[in-house]
Every structure is written in structure tokens, then in C-alpha cells.
Amino acid sequence: KLEFSLRTVKMFNTKDGFLEATVRGCVGGFLRTEDYSNLQQCETVEDIKLYLTSTDYGSLLQNEASPTHPSLIVRCCLKKIVQDFSFFESQAAEPLSTFLQYLKYGYMIDNIVLMVTGAMHEREVTELLDKCHPLGMFDSIASLGAVSNLRELHRIVLVDTPISAYFGECFRDENLDEVNIEILRNSLYKAYLKDFFRLSQMLGGLTAEVMKEILCFEADRRAVNITINSIGTELSRDDRQKLFSDFGHMHPEGQRDLALCRDFEQVVSVIVNSTYQNILQKSTSEEMNIDKVFYETEVMKCSSMFAQQFHYGIFYAYLKLREQEVRNLMWLSECIAQDQKYRIVDGVISIF
């Protein structure tokens, strides 16, 4: 274990101790296993809303008019995330403020891809903006609905966002189609994870240690997802491997094996022979199970970060765990709204 000197602890507490204590206090507001058991007994989405009014989401839900739809539950949950994160940002000093900014870059990438994809399918800009994640918004995002090629996209994003550097020189003046958009998404994420990894290691201490583990996991998960999603497409093996991060527990041997996979069973075989062999014990040959076991592993890793003190990883963990809670409530609400309560257990992952 990394040992901290008394001076290091005092410096951390002076600058970041208040926010660390705050985020640890927010953990007490997560829904527990017994909450999910009670929510499964609800007969309508309105019942879910009523139950949640006694939780941290109460102030956001109690004034919402009926009827209640699953989208309302999700929207209020996202408002809670934004409220908490905005408070963290308002109180943070450097270098924590920079670290918090990096947490938002992934949402910006997702929003850019959502807007461009929607524009390609001639969806209304207002409809697309409603679906964007609130932590990934920026001033010129509405303009993305009018771009027609990658060079134009680069120019618009370059003006207004901190992720412009992730475009680099690798994008030509290509038309925007589904393949190019997915390549864009994964190329941006690769550059983002590499930059975030660099920042966390530069911060040093326990922050570097815990963030190295979780970012390596994220790089591996993305490599697996890229492989599964590109099977049967025109993406070549070399192009597939270029989208993988330059770090991770599966780098480089596991990534080379993933690049050669031709079907889902081969992907599972690569995972079984990697550091993640134990997480597939309950999995079958269905791809959705891969998603769930990776989410379960992420929850376990993020929850364990709170067992240690004096590091920034808990801010990353808090955000990821809140995301999982939103996914849980969205799945649960949709199952009840569609009268498919028997499927609730398939999509809910308890956090604490």
C-alpha cells in the first residue's frame, strides 16, 4: 500500500478535504438492495415516483405533474447528478477542478455523436438536444445538426470545446455515414482515455493508483465492445486494432487476439483467457450478458474506491455509480410501464 506522509494528508485535507467528505456523504443517498426490492413491488410508474419522493430524488419529483412516464424518472435522476456535480465544480480548487472537467469530456463525445447521427437521419434538433446528457452540453452543440463532413465537424467543435485536441490530424474530409461516425466516436474516446490516464498519473499518489486500475478496465471494456460491434462489418482487423487504447490489462496480447476475432464465441474465449476470466462465470452466449458483467465489475471497482481516502478517484466513482442508478431506474420503470416485471432482475444491478 502507498503510504502517505502526515504532510501530504494535511495538504490534501486543506485543499480537498471538504469535497471529499461531501462526496462520501452523498453515497448515503444511493438506493440500497432493499429499495430495489420494494420498487419491484410497484404496479405503475406513478408508484415508483411516489416511492422515490422519500429518497434523494424527492425534491426533484414531488412537484412533477401526473401522469408519470419513465422518461420523467430518468430526467429527474439526471438533474440530481448535475446538481451534485455542479456543486463539486463550484467548490473545487486546482488540480481537482481540472480532474472534474475531464469527467465531463466523455459526455461531450457522446453528445457530439448523438447529434451528428440524428442529423444524418433527419431528426429534429430540439428532439436531439433533449436526449443529450446535461454534463456534456456546450454552447455550439445545436450547430452540430447541420454538419455534413468530418472537417466541418472538427471546425465547429474546435471553436468551442476542450476536446478539439482529440481530433488530431487523423480525420480526412470524409462524408458522415454510420461507419465513419462510429470510427469517430471510438477514435475520440481512445484519445480521451489516453489523455485522462496521463493526467491521473501526473497527479500521482493514490489518485494515480486507483485511476490507473479503473481506466485500464475502461480501455479493456471498450476494446471488447468495439470488437463485438465490428464483427460482420467492413471494418478491417487493422482498423479495428487502431481503435484500441494503448494501455489496459489486455494490452497488447489480448488486444491482438481481439483484433483477430470473427465471431462472438471467439471474443468470449479471449476474455476467458485474460485477467477477466472470472467475470464470465455466469455468462451465456448472449452479448447482453457481456454488457451486464462489465457493468457489475465497474460497480464493484467503483464501490471499492470509497474504502480508501485522500484521492480523486471517488469523484469518478460517484459519477459512474450514479449513472448505474439511472440505468437501474430506467430499466425498472420501463419494465413496469410495459407490464414485464419478470424482466426487472435482468437489468438491475445493486450498488450498495
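Above this text is the structure in question.
Residues numbered from 1 in each chain as written. Predicted model: local features only at pLDDT ≥ 70, side-chain atom pairs only at ≥ 80, totals over all residues. Heavy atoms only, no water.

Draft legend 1. Representation of the overall build of the chain in the model. Counting its regular elements, the chain contains 16 helices and zero strands. Relative to the compact-globule value of 20 Å for 352 residues, the chain shows a C-alpha radius of gyration of 21 Å, a close match. Of the roughly 17300 Å² of accessible surface on the chain, 50% is carried by carbon and sulfur atoms. (Helix = DSSP H or I, 4+ residues; strand = E, 2+ residues; numbered from the N terminus. Rg over C-alpha atoms; globule rule 2.2 N^0.38 Å. Areas by Shrake-Rupley, 256 points an atom, 1.4 Å probe, with all protein chains shown as cover.)

Draft legend 2. Region of interest: the environment of Ile112. With respect to the helices and strands, Ile112 occurs in helix H6 (residues 96-120). Judged by relative accessible area, Ile112 falls into the buried class, the value being 0%. C-alpha separation for the pair Ile112 and Ile141, spaced 29 residues apart in sequence, amounts to 7.3 Å. Excluding residues that lie within four positions of it along the chain, Ile112 makes contacts with Phe138, Leu144, Leu153, Val157 and Ile163. (Buried < 20%, exposed > 50% of the residue type's maximum accessible area, 1.4 Å probe, protein only. Contact = heavy atoms within 4.5 Å.)

Draft legend 3. Broad picture of the nonpolar core. In this structure, Phe99, Leu153, Phe196, Phe315 and Tyr316 are the most contacted members of the largest nonpolar core, which totals 115 residues. Of the residues forming this core, the biggest block, 13 residues, is contributed by H6. Contacts of Tyr316, omitting those with residues within four sequence positions, involve Phe99, Leu103, Phe196, Met211, Ile214, Leu215, Glu218, Cys302 and Met305. (Core = buried A, V, L, I, M, F, W, Y, C linked by side-chain atoms within 4.5 Å.)

Draft legend 4. Looking closely at the side chain of Glu325. Considering the arrangement of structural elements, one finds Glu325 in helix H15 (residues 313-337). Judged by relative accessible area, Glu325 falls into the buried class, the value being 0%. Only 2.8 Å separates the side chain of Glu325 from the backbone nitrogen of Leu31, close enough to count as a polar contact. Side-chain polar atoms of Glu325 contact the side chain of Arg322, separated by 2.6 Å. Beyond its immediate chain neighbours, meaning those up to four positions away, Glu325 contacts Phe30, Leu31, Tyr36, Tyr57 and Ile351. (Polar contact = N/O pair within 3.5 Å; in protein donor to acceptor, adjacent residues only side chain to side chain.)

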